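Take a look at the letters that make up each chain.
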Amino acid sequence: MSYVGFMVNELGLEVKHYICMRCKRRFSWNEMLYLPGIRCPYCGQRIIAKTRPLVAKRVKAI
Ligand SMILES: [Zn+2]
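Not measured: the values here are computed from a predicted model. (Residues numbered from 1 in each chain as written. Predicted model: local features only at pLDDT ≥ 70, side-chain atom pairs only at ≥ 80, totals over all residues.)

Any chance you could break down the sheet that holds strand 3 (residues 48–51) for me, citing the residues and the numbers?
Judged by pairing direction, the sheet is antiparallel, and its 3 strands sit side by side in the order 2-1-3 without closing on themselves. Across the chains shown, the open sheet's two edge strands, defined by having one partner strand only, are strand 2 (26–28) and strand 3. Neighbouring strand axes in the sheet, compared pairwise and without regard to direction, differ in orientation by 40° on average. Pairing analysis gives 4 bridges linking strand 1 (residues 17–20) to strand 3, with the strands arranged antiparallel. Residue pairing in the sheet places H17 in a bridge with T51 of strand 3. (Pairing = 2+ DSSP bridges. Helix = DSSP H or I, 4+ residues; strand = E, 2+ residues; numbered from the N terminus. Axes fitted to C-alpha atoms, helices over the stretch in contact; angles between N-to-C directions.)

Keep in mind these values describe shape, not function.
Encoded structure:
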């Protein structure tokens, strides 16, 4: 069940960028394609969230 921690924003289907809830690094969907599942390509965390340009300003401060 590798999708358990995956938070999907159905209203942001055009969004192509994600942020890891553990290391706060941002990455694109293409980067995840190299992985066996949906997870952070940097630390392996499965809890990631989609980001939008407006939201990205907020997470930047973390
Ligand atoms: Zn990470």
